[in-house]
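# Report on the structure
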Amino acid sequence: MASNKVEVAGIMGPVWIIGWMFTIGFLKLSFFKGLLALIVWPYYIGEFLSSKIF
């Protein structure tokens, strides 16, 4: 019989979220600026890093 086993391969997702929340708290952003930082800035960071990699 095949066993159903799920393996989680990475810890970087939770580490990234913890770091992002720390940064928002450290900067003392308001609720709406913090929400904007969670939604919009990851896109711009990804765009910036993708141009540096390729």
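Residues numbered from 1 in each chain as written. Predicted model: local features only at pLDDT ≥ 70, side-chain atom pairs only at ≥ 80, totals over all residues. Heavy atoms only, no water.

In terms of helices and strands, the protein carries 3 helices and 0 strands. Helices and strands appear in the protein in the N-to-C order α-α-α. Each of the 54 residues in the protein was classed as buried or not, and the buried ones make up 7%. Accessible surface for the protein amounts to roughly 5300 Å². Of this, 73% is attributable to carbon and sulfur atoms. (Helix = DSSP H or I, 4+ residues; strand = E, 2+ residues; numbered from the N terminus. Buried < 20%, exposed > 50% of the residue type's maximum accessible area, 1.4 Å probe, protein only. Areas by Shrake-Rupley, 256 points an atom, 1.4 Å probe, with all protein chains shown as cover.)

Once that is clear, we can look at a nonpolar patch on the surface. A contiguous nonpolar patch, built from Trp16, Ile17, Met21, Phe31, Phe32, Leu35, Leu38 and Ile39 and spanning about 870 Å² of accessible area, is present on the exposed surface. Those elements that provide at least two residues to the nonpolar patch are α1 (12-26) and α2 (31-39). Residue contributions to the nonpolar patch peak at 5 residues, all from α2. For Ile39, the location among the structural elements is in helix α2. (Patch = residues over 30% accessible without salt bridge, like charges linked within 9 Å, V, L, I, M, F, W, Y side chains within 5 Å. Salt bridge = Lys/Arg side-chain N within 4 Å of Asp/Glu carboxyl O.)

Counted according to the given criterion, the structure contains 3 aromatic pairs. Taking the centre distance of 5.3 Å and the plane angle of 15 degrees together, the rings of Trp16 and Trp20 count as stacked. Of this pair, Trp16 and Trp20 both sit in helix α1, 4 residues apart, which is roughly one turn of the helix. Overall, the relative accessible area of 15% leaves Trp20 in the buried class. Between Phe31 and Phe32, the ring centres sit 5.3 Å apart and the planes meet at 75 degrees, which makes this aromatic pair edge-to-face. Pair check on accessibility: Phe31 and Phe32 agree, each one exposed. (Phe/Tyr/Trp six-rings, centres within 6.5 Å; stacked < 30°, edge-to-face > 60°.)

Distances and angles like these do not, on their own, reveal function.
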